[in-house]
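# Structural characterization, general
Spelled out, the chains give:
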Amino acid sequence: MIAPFDDSYFMKKALQEAQYAFESDEIPVGAVIVVKDRIIARAHNLTEKLNDVTAHAEMQAITAAANFLGGKYLKECTLYVTLEPCQMCAGALYWSQISKIVFAARDPKRGYMTLGTCLHPKTKVVGGIMEQEASDLLKQFFAKKR
């Protein structure tokens, strides 16, 4: 019997997306959405490329997953994202009714928890999965910018 994938497996996939963002001179945040151990959406920040402040990895992934599923609700899905969602993304995740969010690094300045934004009451949240790897990539990006 094959064991199901674990959170670190899918977070590695989100980190690959963050690396693509880094290589494109975007803030390195990546996301994947999973349903029944299958990745149905992959995304990374595209705010610079699209000249769109709403083009966060989570927003791109929500849209891709909804298109894949043919509906707006992500009730049986899990989002893996390399940085704690911001207030805007948390609002979109609330409306999507996503079942679970797994994030790597906290965002103490702009994260939804710091700002007191609520998620859907049924959404489960796990933080700190591969936090060091995600934090290191973000620090490397911002050090390059200074």
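If you look the chain up in an unreviewed UniProt entry, it shows as tRNA-specific adenosine deaminase from Maribacter cobaltidurans. Turning to the chain, the UniProt record has this under Subunit (unreviewed entry): "Homodimer."

## Some remarks on the environment of Ala 64
Among the secondary structure elements, Ala 64 is positioned in helix H3 (residues 57-69). Counting along the chain gives 24 residues from Ala 64 to Ile 40, while the straight-line C-alpha distance between them is 7.7 Å. With residues near it in sequence (within four places) discarded, Ala 64 still touches Ile 40 and Ala 41.

## Some points on the packing of helix H1 (residues 7-23) against helix H6 (residues 131-145)
Between two packed helices, both the angle of their axes relative to each other and the distance between the axes serve to describe the pair. At their nearest, the axes of H1 and H6 sit 11 Å apart, and the two run at 5° to each other. Comparing their axes, H6 and H1 come out roughly parallel. Contacts from Leu 15, Ala 18, Gln 19 and Phe 22 in H1 reach Glu 133, Ala 134, Leu 137, Gln 140, Phe 141 and Lys 144 in H6. Split by residue class, the contact of H1 with H6 holds six nonpolar, two polar and two charged.

## Let's talk about the environment of Val 126
Along the chain, Val 126 turns up in strand S5 (residues 124-127). By relative accessible area, Val 126 is classed as partly exposed at 26%. Contact partners of Val 126, with chain neighbours within four places excluded, come to Lys 100, Ile 101, Val 102 and Phe 103.

Reading the values: rules and limits
- Residues numbered from 1 in each chain as written.
- Predicted model: local features only at pLDDT ≥ 70, side-chain atom pairs only at ≥ 80, totals over all residues.
- Heavy atoms only, no water.
- UniProt positions renumbered as here; feature names shortened; annotations may be inferred.
- Helix = DSSP H or I, 4+ residues; strand = E, 2+ residues; numbered from the N terminus.
- Contact = heavy atoms within 4.5 Å.
- Axes fitted to C-alpha atoms, helices over the stretch in contact; angles between N-to-C directions.
- Parallel < 35°, antiparallel > 145°, perpendicular 65-115°, else oblique.
- Nonpolar A, V, L, I, M, F, W, Y, C, P; charged D, E, K, R; others polar.
- Buried < 20%, exposed > 50% of the residue type's maximum accessible area, 1.4 Å probe, protein only.

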